[in-house]
Amino acid sequence: MAANTDDVKAAVSKDITALQQEVARLQKMISAQGAEAYYEVRDRAGKAYEDIAPRAKTAVAQIKAEGVAAADAAREHPAATTTALALVGALGFIAGYLLSGTQSAPQRQQWWR
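Predicted model, so just to flag it, every value in this text is computed and none were measured.

Any details on the overall build of the protein? Residues and values, ideally.
The helix and strand inventory of the protein stands at 2 helices and 0 strands. For the protein, the proportion of its 113 residues judged to be buried stands at 1%. Accessible area of the protein: about 10,600 Å², with a carbon and sulfur share of 63%.

Shown next, in the form of structure tokens:
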């Protein structure tokens, strides 16, 4: 009986050792794949940034130029600017009024009915 118990313990110990080695091997494999994926994603992001950065700088410069041009035009023609802003405000008010009129509020019922 003691020999059988020792044999079982030895077999279980061998199995546990084999499982520990397999887990260590899998951890190394997963770690290597994770590192590879990280570097691949980092390289792709770097390339995307390199492609987009010049276009973004150009777009920002154009937006700044358009903003300066609009501000200059507003300074040169204050009456036209005021008229345009008032017209846009009036159109917005009319649109809001018409849209709010199309949604009728539910009728309240009196509490004594």
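If you had to explain the packing of aromatic side chains to someone new, which residues and values would you point to?
A full pass over the atoms with the stated rule returns 1 aromatic pair. Seen from their ring centres, Tyr38 and Tyr39 are 5.1 Å apart, and the 65° between their planes marks the pair as edge-to-face. According to the relative accessible area criterion, Tyr39 is partly exposed, its value standing at 44%.

With reference to specific residues and values, describe a nonpolar patch on the surface.
A cluster of nonpolar residues, Phe93, Ile94, Tyr97 and Leu98, forms a patch on the protein surface that exposes about 500 Å² of accessible area. Assignment of secondary structure puts Phe93 in helix H2 (residues 78-102).

Break down the pattern of salt bridges for me, citing the residues and quoting the values.
In total, this model carries 3 salt bridges according to the counting rule given. The salt bridge involving Arg25 is made with Glu22; its shortest N-O contact spans 2.5 Å. Remark: Glu22 and Arg25 occur in helix H1 (residues 2-76); sequence separation between them is 3 residues, near one turn of the helix. Looking at Arg25, the relative accessible area reads 44%, which means it is partly exposed. On the basis of relative accessible area, Glu22 is assigned to the partly exposed category, the value being 35%.

Calculation criteria
- Residues numbered from 1 in each chain as written.
- Predicted model: local features only at pLDDT ≥ 70, side-chain atom pairs only at ≥ 80, totals over all residues.
- Heavy atoms only, no water.
- Helix = DSSP H or I, 4+ residues; strand = E, 2+ residues; numbered from the N terminus.
- Buried < 20%, exposed > 50% of the residue type's maximum accessible area, 1.4 Å probe, protein only.
- Areas by Shrake-Rupley, 256 points an atom, 1.4 Å probe, with all protein chains shown as cover.
- Phe/Tyr/Trp six-rings, centres within 6.5 Å; stacked < 30°, edge-to-face > 60°.
- Patch = residues over 30% accessible without salt bridge, like charges linked within 9 Å, V, L, I, M, F, W, Y side chains within 5 Å.
- Salt bridge = Lys/Arg side-chain N within 4 Å of Asp/Glu carboxyl O.

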